[in-house]
Amino acid sequence: MRVAEHQSRTIRVQILVRGIVQGVGFRPFVYSLAARSALRGQVFNNTTGVLIDVEGEDEAIEQFINEITLNPPPLSQIESIQRHNNLDSANYHDFRIVESAQGGAKLAAVSADVATCADCLRELFDARDRRYRYAFINCTNCGPRFTIIEGIPYDRAQTTMRDFEMCAECRAEYENPLDRRFHAEPTACPQCGPRLKLLECGMRNAEFGLVDNDAHAIRNLQSEIRNGKIVAIKGIGGFHLACDALNAVAVERLRARKYREEKPFALMAKSVEVIREHCFVSEAEAALLTCERRPVVLLEKRIDSMIPDSVAPRLRTLGFMLPYTPLHHLILEDFDNPLVMTSGNVSDEPISYEDEDAMQRLGNIADHFLFHDRRIHIRTDDSVARVFEGREMVLRRSRGYAPAPVKVGFKFEREILACGAELKNTFCLGRGQHAFVSHHIGDLENLETLSSFEQGIEHYKLLFHLQPEVVAYDLHPEYLSTKYALALDDSQTKIGVQHHHAHIASCMADNRIEGEVIGVAMDGLGFGTDGRMWGGEFFVADFLEAERLAHLDYIQMPGGAKAIREPWRMAASYLYRTFGDDFLNLNLPFIQNMDRKAWKTLRRMIETETNSPETSSMGRLFDAVSSLLGLRNSVNYEGQAAIELETIADQQCAQGYEFEIEAVGNTIKGEAVIRRAVEDMLDHRSPQEVSAKFHLGVVQLIVEIARRTRDERRLNRVALSGGVFQNMFLLKNVCRLLKADGFEVFTHSRVPTNDGGISLGQAAIANARLASGRII
C-alpha cells in the first residue's frame, strides 16, 4: 500500500513575535531567513513587537517559524509567538522590511544597553575600516538603547540620535537589510555622529582635544590619568569619575573630593587577564564579566594584588567590570593598570548625566572632563552582581538589565505601580506576566533622587504605555516613596504592603514559585504592622499574606537613626540588656574606650524611652557585635559594620553561639549570644573566631526555626531575603545546612535580595490581594 505523498500548497500566515525583539537585529534576521527560504511578504515593528506577514509553501513556512523559535538573534528574548492562519493571498512578489507601524497600545519590550560586540571591536581597531578608533561605533547587536530612547516604536526619530543626520554611507548601511547596521538606530561614523571634547575643569573654552580630533582627546585623557589626575568621563548612562587604581595618592584625593570616606570604589580593567592579576576569577565569574550586560562583579581579592587598600578599605573583595563602550576600550587600550570607575556624583546624590549639571556638581572633584555630544535621556548606574552557587546574583539591577522585564509565574490582574522602599530604591510596573523593575534609583533621601524617581516612573509609563490603576507602597509613613504613592490621584487603588512580606514575595517572584513558604527576612529596618521596626523575621508566607512565626526580640535603638550611623549605641544597648549596669565593669576594650558621659545620656534615653524606637532587626545585632569587637563604632556607608564583621570571620570555624528561643511567642533572645561573645573576648579568643561563631549562630537559628516550622506546618520550602543575605559567609552556610536537612531553598538571582527587590514583592502582593478581593 502506497503512502500518499504530501502535496505542498501555498499559504499566507501572519506571525506576531513579542518580547525583546526591537533594536536587536530581529527584522534583518527574519529578512535573511525568508530570502533563504524563498518566502515572500513583509516584516515590521509595531507597538507590541514584530509582525511578520509571509506567503509561500506550507512546509517552508513551518520551517521558517521553527527557525525563528529555536535560533533567534542572540540579543532577542522571545516571550510569545502568535500566528494567524488561512489568510487570503496578498500576492507578495518579494520579501521586504517596511517602516514601523504606529498606533494601538504600546506593548513592545525595550532592550537594555548592550556592551560593544566582537564585530564592532574588530572594526574599532582595524586601520582599514572607516570607523577605525571611532568612540561611538555600534550595530544592531550592541550599543546604547534604553538610555537614548524617548518613545516607541524604537526608531531613530524616537531617540536622542535624531540630533545627528546620517551621512550617505551610514544611510546606505542603515537601509540595507543584509547589513549588520540595518536599522541600527544609534549608527554613526566620524563624519556624521557624536564627537568627543576634553576640557580642563574651570576652563570651558580651553579644549585639550579638538571637536574634530577624538584621538587627541583620548591621548590627553590617558596622559592626565597617568599623571595622577581625576577625570570625569561621560558614558552611556551618565558620568564616571576615574583615576589610576594603582595610584594611592589619586585614590585618596578622589575620596576626599567626593566625600566618600570608605565605601568601596568600582574598578574597570581592559581584560579578564588583568583582573586575574588582582582577584580570583572562576569560569562562572569570567562568564558574568564578559556577558553583554557587563555588570560590576564582586570578586575575592588576591593577597598579592597591588591595588591599594584605599580602593576598598578593610574588605576582601573588589568590584571589577570590563569595558562596555568603544570609548572604554580606547581609553584602556594602553593601560595595564585598572582604573577606578565610580559613579559621577557627590555621595548620596544621583549620578550626573547632563553636561552643564556635571560641570556644576563635579567641578570640584574632576581635574578634566571628557564630554561627548550624544544626549543621555535617562540616567543609569552600573549594575552590580556576583556569582553564588554557580548562578548570577544581582545586587544592583541597572545598566545592561533595565528596562528588560522580569517574567513572573502569575498574571497581573490590572496594571500596577509598586513604589519600592527608601534605600536602594527601584519601582516596578506590572502588566500581563511582566514586571518592569526599574533601573537603580538610589536612596530616596533628597530632592534630586526623588525627582529621578518621579521622572523614571513617567518614562516607563510612556515607553510601555502603562496607566497603573493600582499603586502599592511601603507601610513606613515617612518614606518619600510612600508619600509619593499616597499623593497620587484618588482614582487609583492604594495598597500598603509590609516591608518584610515584600522581601519574601520578591524572592518567590524571582524564582517563579507560588504557594506557602517558610520566609526568612533579615535586614536593617522595615516598618512592622505593630508600628515598630522589624528586621529579624520568620514567616509562613505566600503572595497574599504573611504569618509572623518568630522574630528577634525587640531592643531599643537609642538615638533612633543615629544608632544606625553609630553602631556602638546598639552594642551598648545589648550589653545593658544582657548585664545591666554591671557591663561597665567588664574588662573589654569596648568598655574602656566608651565615652561614659555619652553612655549616661544613652541610658537615660533607654530608661525614659526617649527617641529610642524598638527594633527586631538582625542587621542592628550584626552592628552591635561588630562594634563590640572594636571593628566599627561609626559607619560611613550603609552596612559597613556588618560587612567588616563578615570580612574577618574565620572560615574554618565550625561551631556557633546559641540563640535562646522563648517557648511562648517564639521570641528570639539575643542576650545569650552577646553573653557568649563577651565570655570569649574575656578569654582572649580572636575577633575572627568570635565573628565566625556569631555568624554560625545565626545560621543555626535559621535552620532550627525552619525545622520547627516543617514539623508543625509540613512545609519544606525556605525563601531567604533581605540585605543581611548579601553576606556570603552567612548565606553559603545557611543554604548548605538547610539543603543537607532536606529543605528546598530559594535565594535571589534576577532581582536584588536587598531593598532593590522590594518593589517586585510589593507588586506581587498587591496583585494577589486584587485577585482575592482582599484590598487592605
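Each value, and the rule that gives it
Residues numbered from 1 in each chain as written. Predicted model: local features only at pLDDT ≥ 70, side-chain atom pairs only at ≥ 80, totals over all residues. Heavy atoms only, no water. Helix = DSSP H or I, 4+ residues; strand = E, 2+ residues; numbered from the N terminus. Rg over C-alpha atoms; globule rule 2.2 N^0.38 Å. Buried < 20%, exposed > 50% of the residue type's maximum accessible area, 1.4 Å probe, protein only. Contact = heavy atoms within 4.5 Å. Areas by Shrake-Rupley, 256 points an atom, 1.4 Å probe, with all protein chains shown as cover. Phe/Tyr/Trp six-rings, centres within 6.5 Å; stacked < 30°, edge-to-face > 60°. Lys NZ or Arg CZ within 6 Å of the ring centre and 35° of its normal. Pairing = 2+ DSSP bridges. Axes fitted to C-alpha atoms, helices over the stretch in contact; angles between N-to-C directions. Core = buried A, V, L, I, M, F, W, Y, C linked by side-chain atoms within 4.5 Å. Disulfide = S-S within 2.5 Å. Polar contact = N/O pair within 3.5 Å; in protein donor to acceptor, adjacent residues only side chain to side chain. pLDDT = per-residue confidence, 0-100. Salt bridge = Lys/Arg side-chain N within 4 Å of Asp/Glu carboxyl O. Parallel < 35°, antiparallel > 145°, perpendicular 65-115°, else oblique. Nonpolar A, V, L, I, M, F, W, Y, C, P; charged D, E, K, R; others polar.

Re the overall build of the protein chain
Alright, step 1. On a plain count of helices and strands, the protein chain comes out with 23 helices and 32 strands.
Alright, step 2. Radius of gyration (C-alpha) of the protein chain: 28 Å, near the 28 Å computed for a compact globule of 776 residues.
Alright, step 3. Taking the principal axes of its C-alpha atoms as reference, the protein chain extends roughly 90 × 75 × 55 Å.
Alright, step 4. Classification of the 776 residues of the protein chain by burial places 62% in the buried group.
Alright, step 5. Relative to all contacts within the protein chain whose residues are 6 or more apart in sequence, the contacts with residues 24 or more apart total 71%.
Alright, step 6. Accessible surface computed for the protein chain: about 30400 Å², of which carbon and sulfur atoms make up 46%.

A look at the packing of aromatic side chains
Alright, step 1. Using the criterion set out here, one finds 18 aromatic pairs in the structure.
Alright, step 2. An aromatic cluster is defined as three or more aromatic residues linked by ring pairs; in this entry it consists of Phe-146, Phe-427, Phe-436, Phe-453, Tyr-460, Phe-464 and Tyr-484.
Alright, step 3. Geometry around Phe-265 places Arg-255 over its ring, the cationic atom sitting 4.1 Å from the centre.
Alright, step 4. Of note, Arg-548 hangs over the ring of Trp-534, and the distance from its end group to the ring centre comes to 3.7 Å.

What to know about the pairing of strand β17 (residues 391-396)
One face of the sheet, then the other: side chains in a regular strand alternate in exactly this way.
Alright, step 1. Sheet topology places strand β16 (residues 384-388) next to β17; five bridges connect them, and they run antiparallel. For Val-387, the partnering residue across the bridge sits in β17 and is Glu-392.
Alright, step 2. Here β16 folds back onto β17, and the loop between the two strands holds two residues, one of which, Glu-389, carries a positive phi near 50°.

Points about the sheet that holds strand β4 (residues 77-84)
Alright, step 1. If you walk across this open sheet you meet the five strands as β4-β1-β3-β2-β5, and the pairing is mixed. A strand with exactly one partner marks an edge of an open sheet, and here the two such strands are β4 and β5 (95-97). Averaged over neighbouring strand pairs, the angle between their axes works out to 20° when direction is ignored.
Alright, step 2. In terms of strand pairing, strand β1 (residues 10-20) meets β4 through seven bridges, oriented antiparallel. In the sheet register, Gln-14 faces β4, and the bridge partner there is His-84.
Alright, step 3. Lying on the sheet, helix α1 (residues 26-36) is in contact with β1, β2 (40-45), β3 (50-57), β4 and β5; it crosses β5 at an angle near 170°.
Alright, step 4. Each of β1, β3 and β4 touches helix α2 (residues 58-70); the most contacted strand, β3, lies at about 150° to it.

Comments concerning the nonpolar core
Alright, step 1. Membership of the largest hydrophobic core comes to 143 residues, with the highest contact counts inside it found for Ile-52, Phe-64, Leu-575 and Phe-694.
Alright, step 2. Take this core: its biggest share by element is nine residues, from helix α21 (residues 687-713).
Alright, step 3. Beyond its immediate sequence surroundings of up to four residues, Leu-575 is in contact with Gly-580, Phe-583, Leu-586, Phe-590, Ile-591, Leu-628, Ile-674 and Val-678.

Section: the state of the cysteines
Alright, step 1. A complete count under the given rule lists zero disulfides for this structure.
Alright, step 2. Unpaired in terms of disulfides, Cys-120 finds its nearest cysteine sulfur in Cys-142, a separation of 3.7 Å.
Alright, step 3. Cys-120 gets classed as buried once you look at its relative accessible area, which sits at 0%.

Quick word on the environment of Asp-373
Alright, step 1. Assignment of secondary structure puts Asp-373 in the loop between β15 (368-372) and β16.
Alright, step 2. Distance in space between the C-alpha atoms of Asp-373 and Ala-245 is 28 Å, their sequence separation being 128 residues.
Alright, step 3. Those residues in contact with Asp-373 that lie beyond four places of it in its chain are Phe-164, Pro-194 and Arg-195.
Alright, step 4. In terms of polar contacts, Asp-373 uses its side chain to reach the backbone amide nitrogen of Arg-195, at 2.8 Å.

Digging into the confidence of the model for the protein chain
Alright, step 1. Per-residue confidence for the protein chain averages 93 on the pLDDT scale, and 96% of its residues sit at or above 70.
Alright, step 2. With pLDDT under 50 throughout, residues 204-212 is counted as low confidence; its partners more than four residues away or in other chains account for 24 contacts.

What about the pattern of salt bridges?
Alright, step 1. In the structure shown here, the tally under the stated rule is 61 salt bridges.
Alright, step 2. For Glu-349, the salt bridge is made with Arg-361, and the minimal N-O distance between the two is 3.1 Å. Residue Glu-349 is found in the loop between β14 (339-343) and α10 (355-362), and its partner Arg-361 is found in helix α10; the two are separated by 12 residues along the sequence.
Alright, step 3. The exposure class assigned to Arg-361 is buried, which follows from its relative accessible area of 18%.
Alright, step 4. Each of Asp-119, Arg-122, Glu-123, Arg-180 and Arg-181 takes part in salt bridges that share partners, so that together they form one network.

With respect to the packing of helix α15 (residues 568-579) against helix α20 (residues 671-682)
For any two helices packed against each other, the geometry comes down to the angle between their axes and how far apart the axes lie.
Alright, step 1. Where α15 meets α20, the closest approach of the two axes is 9 Å, and the angle between their N-to-C directions is 95°. Put simply, α15 runs roughly perpendicular to α20. Seen from α15, the contacting residues are Tyr-574, Leu-575, Arg-577, Thr-578 and Phe-579; seen from α20, they are Glu-671, Ile-674, Arg-675 and Val-678.
Alright, step 2. Tallied by class, residues from the contact of α15 with α20 come to five nonpolar, one polar and three charged.

Structural notes on unusual backbone geometry
Alright, step 1. Here Ala-402 and Pro-403 are connected by a cis peptide whose omega angle stands at 10°.
Alright, step 2. Secondary-structure assignment places Pro-403 in the loop between β17 and β18 (406-407).
Alright, step 3. At His-684, a residue that is not glycine, the phi angle is positive and equals roughly 65°.
Alright, step 4. The exposure class assigned to His-684 is exposed, which follows from its relative accessible area of 73%.

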